[in-house]
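Here are the chains, one letter per residue:
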Amino acid sequence: MAVTGVSGCCSRYLLLLAQEHLEFRLPELKALFSVFGADLEYDKITSPEKEPFLVVKNVDEETVRKVMARTVCAKSAYEIWGTGRTLDELVTSLRTYPKHRMSPFCKADSTFKISVHSFNKTLPQADRLNKIEALSFLPWDGKVNLSAPDHTFCLLENYAGDVNNIPNDPCQVFFGRWLTDGQRDLIRRYSIKTRHFIGNTSMDATLSFIMANHARVKPQDVVFDPFVGTGSLLVASAHYGAYVTGGDIDYNTIHGIGKASRRNQVWRGPDESIKSNLCQYGLQDRYLDVFVGDASRPPWREGPLFNAIITDPPYGVREATRRTRPRKGRMPDAYSEDIIPKHPCLSLISNCQQKLTSNTARCLITMEKVKGFEERCHLPRQLDAECDPYKRHNAFREKYFSGVTARSKFNEGKGSGENT
Amino acid sequence: MKLLTHNMLTSHVKGVVSGYPLRIKAKEVQLNAVDFNAEFISRMIPKLEWKALREAAESVGHLNDLPLEVPSEHQDNEEFLQKVHHVLMEVEVEEGVLQCPESGHEFPISKGIPNMLLNEDDV
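So, a few notes on the structure that sits alongside this text. Sequence positions are assigned chain by chain, starting from 1 and proceeding in written order. Labels follow written order: the first chain is A, the first ligand is 1, and so on. For this predicted model, a pLDDT threshold of at least 70 governs which residues receive local features, and a threshold of 80 or more governs which side-chain atom pairs are given and counted, while totals over whole chains, interfaces and linings are taken from all residues. Note that the side-chain values use all heavy atoms of the structure and ignore hydrogens as well as water.

**Quick word on the state of the cysteines**
Residues and elements named next belong to chain A. Applicable threshold: The definition used for a disulfide is geometric: two cysteine sulfur atoms within 2.5 Å. Summary of the burial criterion: residues with accessible area below 20% of their type's maximum are buried, those above 50% are exposed, and those between are partly exposed, where the area comes from a 1.4 Å probe applied to protein chains only.
Per the stated rule, a full pass over the model turns up zero disulfides over all chains. This cysteine, Cys171, is not joined by any disulfide, and Cys154 carries the nearest cysteine sulfur, 16 Å off. When its relative accessible area of 41% is taken as the criterion, Cys171 is described as partly exposed.

**Some points on the pairing of strand 3 (residues 106-110) of chain B**
Residue and element names in this part refer to chain B. Spelled out, the test is: Only DSSP runs of H or I reaching four residues or more are called helices, and only runs of E reaching two or more are called strands; each is numbered from the N terminus. Here a strand pair is declared whenever DSSP counts at least two bridges between the two strands.
Because side chains alternate across strand 3, one face comprises the buried residues Phe107 and Ile109, and the other comprises Glu106, Pro108 and Ser110, none of which is buried. Across four bridges, strand 2 (residues 91-99) lies against strand 3 in antiparallel orientation. Within strand 3, the position partnered with Val97 by the bridge is Pro108. By the bridge criterion, two bridges tie strand 3 to strand 4 (residues 113-114) in an arrangement that is antiparallel. Each residue of the ladder has a partner; that of Ile109, found in strand 4, is Pro114.

**A closer look at the interface of chain A and chain B**
Selection rule: Residues are treated as being in contact if the distance between any of their heavy atoms lies within 4.5 Å. Buried area: the sum, over both parts, of the accessible surface (1.4 Å probe) that disappears when the two are put together. Any carboxyl oxygen of Asp or Glu that lies within 4 Å of a side-chain nitrogen of Lys or Arg is treated as forming a salt bridge with it. Side-chain atoms alone can form a polar contact between residues adjacent in sequence; in general such a contact is a pair of N or O atoms within 3.5 Å, and within protein one must be able to donate a hydrogen while the other accepts it.
Contacts between chain A and chain B engage 31 residues on the former and 32 residues on the latter. Where chain A abuts chain B, roughly 2700 Å² becomes buried across the two surfaces, and 56% of that area is made up of carbon and sulfur atoms. Summed over the shared surface of chain A and chain B, the number is one salt bridge. Applying the counting rule to chain A against chain B returns 19 residue pairs in polar contact (both at pLDDT 80 or more). Only helix 9 (251-255) and strand 11 (287-292) of chain A provide two or more residues apiece to the side of chain A that touches chain B. With six residues, the single largest contributor to the side of chain A that touches chain B is strand 11 of chain A.

**Examining helix 1 (residues 22-35) of chain A**
All names here are of chain A. Filter applied, for reference: Multiplying 1.5 Å by the helix residue count minus one yields the expected span of that helix.
Its 14 residues give helix 1 an end-to-end C-alpha distance of 21 Å, which sits within 8% of 20 Å, the value for a rise of 1.5 Å per residue. Along helix 1, the residues that are buried comprise Phe24, Arg25, Leu26, Glu28, Leu29, Ala31, Leu32, Phe33 and Val35. Of the residues trailing helix 1, Gly37 is marked for its positive phi of about 75°.

**Comments concerning the pattern of salt bridges**
In this structure the tally under the stated criterion is 18 salt bridges over all chains. Close ionic contact of Arg216 of chain A with Glu368 of chain A constitutes a salt bridge, the shortest N to O distance being 3.6 Å. Here Arg216 of chain A, found in the loop between helix 7 (205-214) and strand 9 (222-225), pairs with Glu368 of chain A, found in strand 14 (residues 360-369); they are 152 residues apart in sequence, far enough to count as distant. For Lys83 of chain B, the salt bridge identified is with Glu79 of chain B, shortest N-O distance 3.6 Å. Here Lys83 of chain B and its partner Glu79 of chain B are both found in helix 4 (residues 78-90), four residues apart, which amounts to about one turn of the helix. A single network of salt bridges, built from pairs that share partners, joins Glu61, Arg65, Glu79 and Arg177 of chain A.

**Regarding the packing of aromatic side chains**
Residue and element names in this part refer to chain A. Here is the rule: For Phe, Tyr and Trp, where Trp contributes only its six-membered ring, two rings pair if their centres lie within 6.5 Å, and the inter-plane angle classes them as stacked under 30 degrees, edge-to-face over 60, or tilted in between. Definition used: whenever NZ (Lys) or CZ (Arg) falls within 6 Å of the ring centre and also within 35 degrees of the ring normal, the charge is taken to sit over that ring.
By the definition in use, this model includes 21 aromatic pairs over all chains. Members of the aromatic cluster, each reached through a chain of ring pairs, are Trp81, Tyr97, Phe105, Phe112, Trp140, Phe153 and Phe175. Its guanidinium or amino end placed over the ring of Tyr42, Lys44 lies 4.6 Å from that ring's centre, counting from NZ or CZ. Over the ring of Trp267 we find Lys259, and its NZ or CZ is 5.3 Å from the ring centre.

**Description of the pairing of strand 7 (residues 151-158) of chain A**
Residue and element names in this part refer to chain A. The element strand 7 is largely enclosed, with a buried count of eight among its eight residues. Side chains His151, Phe153, Leu155 and Glu157 project from strand 7 onto one buried face, and the interleaved Thr152, Cys154, Leu156 and Asn158 project onto a second face that is buried too. In terms of strand pairing, strand 5 (residues 111-119) meets strand 7 through eight bridges, oriented parallel. Residue pairing for strand 7: Ser118 is matched across the bridge by Glu157.

**What to know about the nonpolar core**
Note the threshold: By convention a nonpolar core is built from buried Ala, Val, Leu, Ile, Met, Phe, Trp, Tyr and Cys residues, the set being connected through side-chain atoms within 4.5 Å.
Residues Leu3, Met89 and Leu98 of chain B are the most contacted members of the largest nonpolar core, which totals 42 residues. For this core, the secondary structure elements donating two or more residues are strand 9 and strand 11 of chain A together with helix 1 (3-8), helix 2 (38-44), helix 3 (50-59), helix 4, strand 2 and strand 3 of chain B. For this core, the element with the highest residue contribution is helix 4 of chain B, accounting for six residues. Leave out the neighbours within four places in its chain, and Leu3 of chain B touches Ile24, Leu53, Ala56, Ala57, Val60, Val87, Leu88 and Val91 of chain B. Residues Leu234, Ala242, Tyr281 and Ile310 of chain A belong to the second largest nonpolar core, which totals 37 residues.

**Some thoughts on the sheet that holds strand 1 (residues 23-31) of chain B**
All names here are of chain B. Spatially, the four strands line up as an open sheet ordered 1-2-3-4, and their pairing is antiparallel. Edge positions in the sheet fall to strand 1 and strand 4, since each has one partner strand and no second. By the bridge criterion, eight bridges tie strand 1 to strand 2 in an arrangement that is antiparallel. In the strand pairing of strand 2, Glu28 is matched with Glu95.

This is the structure:
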C-alpha cells in the first residue's frame, strides 16, 4: 500500500543496498535518478561505496519510489525519521522529528510493525526486542500486526568493521518508515537457470538489469546489442520497455541451433531462440529483429537510430566460434585507464570493475553521446595508431591461454586440462 | 525481418556508395499480430526513411495505403499511426534475399533472420 507522507526539503531517505557488485551500485542509482529528472544527492555520513547504507536527500518520495521500481542494487527504501551514532543519539534525533509527519502513520485505526536490521552482525532476539522497547515512546496509537501491518518501520544498525572482530556497538543507527522494496526479485524471475535458451557466456540476470539501468533504458527506446549471443541484455532492456535488436557473428547462436550449453542436453531444441527468450517473459512484442553480422562491419545506415547500445563483447576465451579478422599484438602492460576507448562524441560516465577470478576482472564502461557525429571528428582518431583496441584485447587472450598452457604441462600425467 | 529493421539496414559491400535501400526479393512473407504502441510508432516516424519504407512495403505487397508523405501532427493521427504500425511491425519477410542496389550482392534471409556477413573480398 503506497501512502505518501508529507515531504518537504528536509526529507531524507535511506536506501538499503545489496552487498554485491559494489562498484556498480552508485552509478546504477545515479543513472536511475537522472532517468526521472533528478540528481542523486547523498549525505556523506555513510560510505555507500562499500557499505549498504545510502542517505538520499533533496528529492521527493515519488522519485524515490520510481527509482526503487527499477533498481536491482537497492533492497529497500525508508523515509528517515531519525539517525545517530548510538541508540541514545537516535532517540534524541527522533524526539526532534515533527509530530505532524509521524501522525498519519500512527493512527488508532491502523496497524504497524517494527523490524530490526543489522549489517555485519547477527543480533539475538532479546537484543532486538530491547531496542524496539527503547522506541516505545513514539506516538503509535494503533495496534501491532506482525503479518500484514498497514505500516512497517525499521531500525537499521551498522556494525561495519572487521568481520572477524565484530564491534559490540553499531557505529551508526537509523530509524525510518519503510516505503517500498527494490526489484531484486527480478533476479530470480529472470534467472538464466530457467531461461529457455542460453549459451556458455549468457549474462546473468543481475548484471543484465544493472547494465540496462546504467544505459538509462526507457520505455519505447530502441536498444541494439552488436554481440547479442542468446539475448540476455535484450531481455533486460525489453523488461524495462525498450524495443530490441541484436547481431552476432555466430550463425548457430542467432538461429538457436547446434550444441547446447546445458549439462544434461546435447543439442538445442526446436524452440530455442532469442525471440523465444522474450516470449518466455511475455516480452515478444518488444522484439524487433536479430541478424547474423560482423560487429566491426555494422549494416546500419547513418543516423541516430538507437537510444542505447548495450553489449558484452567476446574476450576470446569462452565461446567456440569463428573469429573475425585476427590481429596480432604485443603483450599488454598492467591495465590502465588509457585503454578505455575514446571518441570525441562520447563522454565517459562510469567504469565499474567486477572481479572474475583471483587474477582477472572485467570492466563495465558506460559512455554517453554528447554531440552529433561529424566526419571531422572521426579522422584524427583513425590516424592515432595507439588507439587500436584490438591490440590489447587479443593480448589478453594470449596471456590467458599462456597461463593455461603452463598449467597443463605441469599437470601432464594427471590427465587434466582446461575446457574453453 | 520486419520492415522497420529493413528501413535501417544498408549494404556495406566494398566500394559501394549508394547501398541504401536494399531491395527486398521475398519468397515468403508472414503477417504477425504485434501490440500497437502509439507512442513508439510516433517516435519512430521521424527516424524513418519514408520513401524507402513505402517502396519496401509495396514490394512485398503490403503498402496498406501509406500516404506519399507523412502528415503533419502525425502523433495525434491514430488512424495513420495504426497503418504505420502494421507495415513496420506486423509484416515479416521470412524467406528471401536483400539485394544491394549498386553491386547486386544478395544477403539471404532465412527464418526471418538476415545474414549480413560478407566475404573478405566484398568488405
